[in-house]
Amino acid sequence: PDSRRRLIEEAELGLRLLTPEDELPRQALTSTVAWVHSSDLIDPTPFLSEGQVLLTTGTHFPPDRAGVDEFYQRYVSRLHERGLAGLGFGTDVLREGTPEGLVLACRGLGLPLFEVPYRTPFIAVARLAADISAEDSHARETWALRAQRAISLAAIRPDGLSATLAELSSQLGCWVALFDAGGSLDRVFPDGALPDATIDAVRGDVARLLRGGQRSSVTVTSESSALL
């Protein structure tokens with residue numbers, strides 16, 4: 001999903017990203033926007049959830065004076081700690097352009113900040129975000145149904161286990177490995193996809209999970225990939 005990027009790059013909205021992409025955290029612009037909310041409260045965080053985008057015209061922002069940078073730092077820190085996906089500032093409603101202190105605060109904390117031109121109503125941004133979210137949801141459901149059917153068909157082939165694992169690897173676009181009850185690598189798809197170092201890293205966690213005697217999962221990160 002890349003709804004944040006699609007939202008910002010929609011030509012009809014005319015949004016302009018003010019935080020350089022190379023200064024933002026990984027996946028800052030490639031994750032799903034949960035919702036778009038507008039507020040001019042000094043602290044809107046009680047009404048916000050992680051993954052949302054906030055739009056504001058800055059009616060609550062103080063005039064440029066001594067100490068205003070500290071206000072922006074506190075304001076953006078609250079949004080960042082709440083897990084906001086981004087902040088949009090509506091320009092030319094109360095002030096021309098976006099406050100420099102707000103830009104610097106967002107850059108410092110890696111919060112995507114974009115400028116919303118006067119001609120673009122906030123409801124247009126929210127409507128597009130909702131449309132993109134619906135498209136992403138439909139795409140995920142469609143893929144899940146197709147993948148489920150493909151894996152189910154693989155399971156009834158002569159070598160059902162290997163066929164199922166191979167199809168799972170194909171559908172997920174990554175390697176899939178099977179370890180036996182003793183913690184030894186049984187098979188992997190695609191064949192030869194795992195280097196020895198990665199196998200060793202996974203084997204230790206496999207043994208630990210097996211000792212637990214319960215269904216569970218763990219995430220392991222290696223130099224080659226993220227392992228689930």
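Refer to the structure above for everything that follows.
Here's what I pulled together on the structure shown here. (Residues numbered from 1 in each chain as written. Predicted model: local features only at pLDDT ≥ 70, side-chain atom pairs only at ≥ 80, totals over all residues. Heavy atoms only, no water.)

Observations regarding helix α2 (residues 68-82)
Worth spelling out the cut-off: Here a strand is any run of E in DSSP of at least two residues, a helix any run of H or I of at least four, and the numbering for each starts at the N terminus. Take the number of residues in a helix, subtract one, and multiply by 1.5 Å to get its expected span. Partly exposed describes any residue whose relative accessible area lies between the buried limit of under 20% and the exposed limit of over 50%, with all areas from a 1.4 Å probe on protein chains only and scaled to the type maximum. Arc definition: it is the arc formed by the directions from the helix axis to the C-beta atoms.
The end-to-end C-alpha separation of α2 is 22 Å, in line with the 21 Å expected for 15 residues at 1.5 Å each. Val68, Phe71, Tyr72, Tyr75, Val76 and Leu79 are the residues of α2 that are buried. When α2 is viewed along its axis, its buried side chains cluster within an angular range of 115° and face the same direction. The exposed residues of α2 that point more than 90 degrees off its buried face are Glu70 and Glu81. Positioned one or two residues after α2, Gly83 has a phi angle of 85°, which is positive.

So, helix α5 (residues 160-172)
Filter applied, for reference: It only takes one pair of heavy atoms within 4.5 Å for two residues to be counted as in contact.
Over its 13 residues, α5 extends 18 Å from the first C-alpha to the last, a length consistent with the 18 Å expected when each residue adds 1.5 Å. Taken together, the buried positions of α5 are occupied by Gly160, Ser162, Ala163, Thr164, Leu165, Glu167 and Ser169. Contacts from the buried residues of α5 go to α4 (122-155), β6 (176-179) and β7 (185-189). In the segment just after α5, Gly173 is the residue with positive phi, at about 70°.

Focus: the sheet that holds strand β4 (residues 86-90)
Quick reminder of the rule: In this scheme, strands are said to pair when DSSP sees at least two bridges between them. Helix axes use the C-alpha atoms of the stretch in contact, all axes being lines fitted to C-alpha atoms, and the angles between their N-to-C directions lie in the range 0 to 180 degrees.
In space, the 5 strands of this open sheet follow the order β1-β5-β4-β3-β2, with mixed pairing throughout. Only two strands of the sheet have a single neighbouring strand rather than two, namely β1 (16-17) and β2 (35-38). Together, β2, β3 (52-56), β4 and β5 (113-116) form the strand contacts of α4, whose direction differs from that of β2 by roughly 165°.

With respect to the packing of α2 against helix α3 (residues 100-109)
In a packed pair of helices, the relevant descriptors are the angle between the two axes and the axis-to-axis distance. Selection criterion: Roughly parallel covers angles under 35 degrees, roughly antiparallel covers those over 145, roughly perpendicular covers 65 to 115, and oblique covers all other angles. Two helices cross in a left-handed way if the nearer one is turned anticlockwise from the farther one by less than a right angle. They cross in a right-handed way if the turn is clockwise.
Their axes nearest at 9 Å, the elements α2 and α3 cross at an angle of 45°. Relative to α3, the element α2 lies oblique. The interaxial crossing formed by α2 with α3 has right-handed handedness. Of α3, the residues touching α2 (which contributes Asp69, Tyr72, Gln73, Tyr75, Val76, Ser77 and His80) are Gly101, Leu102, Ala105, Cys106 and Leu109.

Some thoughts on the nonpolar core
Stated precisely, the cut-off is as follows: For this analysis, a nonpolar core means a set of buried residues of the types Ala, Val, Leu, Ile, Met, Phe, Trp, Tyr and Cys, connected via side-chain atoms within 4.5 Å.
Counting residues in each nonpolar core, the largest one holds 20 residues, and the members touching the most others are Leu13, Val36, Val53, Leu55, Phe114 and Val125. For this core, the secondary-structure elements that each account for two or more residues are α1 (3-9), β3, β5 and α4. A per-element tally of this core places α4 first, with 6 residues. With near-sequence residues (within four places) excluded, Leu13 lies in contact with Leu7, Pro117, Arg119, Thr120, Ala124, Val125 and Leu128. Formed by 19 residues, the second largest nonpolar core is a distinct cluster that contains Leu48, Phe61, Tyr72 and Phe89.

What to know about the packing of aromatic side chains
Counted only if it meets this: Pairing of aromatic side chains here covers Phe, Tyr and the six-membered ring of Trp, requires ring centres within 6.5 Å, and sorts the geometry by plane angle: under 30 degrees stacked, over 60 edge-to-face, intermediate tilted.
Tallied over the entire structure, the rule returns 6 aromatic pairs. Ring geometry for Phe61 and Tyr75: centres 5.3 Å apart, planes at 80°, overall edge-to-face. One end of the pair, Phe61, is in the loop between β3 and α2; the other, Tyr75, is in helix α2, and 14 residues separate them in sequence. Tyr75 carries the same exposure label as Phe61, and that label is buried. With a centroid separation of 5.6 Å and 75° between ring planes, the pair formed by Phe71 and Tyr72 is classed as edge-to-face. For the pair formed by Phe71 and Tyr72, the shared burial category is buried. Joined through ring pairs, the aromatic side chains of Phe61, Phe71, Tyr72, Tyr75 and Phe89 make up one cluster.

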